[in-house]
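# Descriptive structure summary
Take a look at the letters that make up each chain.
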Amino acid sequence: NAGVMQNPRHLVRRRGQEARLRCSPMKGHSHVYWYRQLPEEGLKFMVYLQKENIIDESGMPKERFSAEFPKEGPSILRIQQVVRGDSAAYFCASQTMGGTDTQYFGPGTRLTVL
Amino acid sequence: QQQVKQSPQSLIVQKGGISIINCAYENTAFDYFPWYQQFPGKGPALLIAIRPDVSEKKEGRFTISFNKSAKQFSLHIMDSQPGDSATYFCAASIGGFKTIFGAGTRLFVKA
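Parameters and conventions
- Residues numbered from 1 in each chain as written.
- Chains lettered and ligands numbered in written order.
- Predicted model: local features only at pLDDT ≥ 70, side-chain atom pairs only at ≥ 80, totals over all residues.
- Heavy atoms only, no water.
- Helix = DSSP H or I, 4+ residues; strand = E, 2+ residues; numbered from the N terminus.
- Rg over C-alpha atoms; globule rule 2.2 N^0.38 Å.
- Contact = heavy atoms within 4.5 Å.
- Areas by Shrake-Rupley, 256 points an atom, 1.4 Å probe, with all protein chains shown as cover.
- Phe/Tyr/Trp six-rings, centres within 6.5 Å; stacked < 30°, edge-to-face > 60°.
- Buried < 20%, exposed > 50% of the residue type's maximum accessible area, 1.4 Å probe, protein only.
- Disulfide = S-S within 2.5 Å.
- Polar contact = N/O pair within 3.5 Å; in protein donor to acceptor, adjacent residues only side chain to side chain.
- Pairing = 2+ DSSP bridges.
- Axes fitted to C-alpha atoms, helices over the stretch in contact; angles between N-to-C directions.

### Notes on the overall build of chain B
Along its length, chain B carries zero helices and 11 strands. For chain B, the N- to C-terminal ordering of α and β elements is β-β-β-β-β-β-β-β-β-β-β. Against the globule reference of 13 Å for 111 residues, chain B gives a C-alpha radius of gyration of 13 Å, in line with a compact fold. Projected onto its principal axes, the C-alpha positions of chain B cover 40 × 30 × 20 Å. Taking contacts inside chain B between residues at least 6 apart in sequence as the whole, the part at least 24 apart equals 53%. A total of about 5,400 Å² of accessible surface is found on chain B, and carbon and sulfur atoms cover 52% of it.

Okay, structure coming up:
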């Protein structure tokens, strides 16, 4: 049973470019969370999605950031016009049913903005 | 009110010793308290978790102690091993939904 998959594992972008981070949840999981981790810090909640629905995006910046979890395919975290401050590790976690089970984390995508 | 405060920031323990990491929270609505272990370059992995109706939970060498009245909980690692060297995060959530993480404790176990 494959775990949570994230790709790419490492992503380098120049300021002003777009970054697309993908997360494939564990089989049978229909709930996905995205977290951001800055160096030497804990993880900060960004957004919680179910298939085709954004449930809670209270941790996501209002500008430049968006997330989706379509009926088919992976969840996507999209960062437009990246700035150096966006450099971080982005983790997604999946869950079978919202709030009732363990969140399983992927290996993360390390975004570097030059 | 949504914060989880974790200490110490770093910890060095001799092999065989006890590692203790402490966390405190403010929001009494939190009802699920997991601990995660993270190795460099990897995602966090659930280690052990507790709900506030229980004062202690033990799994192998790992024990969570929970003090509801003080709004504090701690992780004890007995017989610490070099392989336990990692960053540990306490966390809290309401109903298992979005999780609030502590800042992390870097544990180094000396052989």
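Having put the structure on the table, let's press on.
### Side note on the packing of aromatic side chains
All names here are of chain B. Considering all chains together, one arrives at 19 aromatic pairs over all chains under this definition. When the ring of Y25 is compared with that of F33, the centres are 4.9 Å apart and the planes differ by 45°; the resulting orientation is tilted. Like F33, Y25 is buried. Taken together, a centroid distance of 4.8 Å and an interplanar angle of 50° make the contact between F33 and F66 tilted.

### Overview of the state of the cysteines
Tallied over the entire structure, the rule returns two disulfides over all chains. Note on cysteine connectivity: C23(A) is disulfide-linked to C92(A), with sulfurs 1.9 Å apart. Note on the C23(A) and C92(A) pair: the S-S dihedral is about 70°, so by sign convention the disulfide is right-handed. With a gap of 69 residues between them, C23(A) in strand β3 (residues 19-24) and C92(A) in strand β9 (residues 88-95) connect regions that are remote in the sequence. This pair shows no difference in class: C23(A) is buried, exactly as C92(A) is. Disulfide partner of C23(B): C90(B), at an S-S distance of 1.9 Å. Looking down the S-S bond of the C23(B) and C90(B) bridge, the torsion is -95°, so its handedness is left-handed. Taken together, the positions of C23(B) in strand β3 (residues 19-25) and C90(B) in strand β9 (residues 86-93) put the pair 67 residues apart, joining distant regions of the chain.

### Quick look at the side chain of Q103(A)
Of note, Q103(A) is situated in the loop between β9 and β10 (104-105). Relative accessible area serves as the criterion here: at 4%, Q103(A) is assigned to the buried category. A distance of 2.9 Å separates a polar atom in the side chain of Q103(A) from a polar atom in the side chain of Y35(A). Of the polar contacts made by the side chain of Q103(A), one reaches the side chain of T99(B); its length is 3.3 Å.

### Topic: the environment of P107(A)
One can find P107(A) in the loop between β10 and β11 (109-113). Taking the C-alpha atoms as reference points, P107(A) and M60(A), 47 residues apart in sequence, are found 20 Å from one another. With residues near it in sequence (within four places) discarded, P107(A) still touches V4(A), Q6(A), R9(A), F91(A), G41(B), K42(B) and G43(B).

### Re the sheet that holds strand β7 (residues 62-67) of chain B
All names here are of chain B. A sheet is described by the order of its strands in space; here five strands give the open sequence β1-β3-β8-β7-β6, paired in antiparallel fashion. Of all strands in the sheet, those with a lone pairing partner are β1 (4-7) and β6 (56-59), marking the two edges. For this sheet, the mean angle separating the axes of adjacent strands, direction not counted, is 15°. Here β3 pairs with strand β8 (residues 72-77) via six bridges, running antiparallel. Residue pairing in the sheet places A24 in a bridge with Q72 of β8.

### Section: the side chain of T99(B)
Residue placement: T99(B) occurs in strand β10 (residues 99-101). Taking relative accessible area as the criterion, T99(B) reaches 4% and is therefore assigned buried. Sequence-distant contacts of T99(B), that is, excluding residues within four places in its chain, are made with Y35(A), F45(A), Q103(A), A91(B), A92(B) and S93(B).

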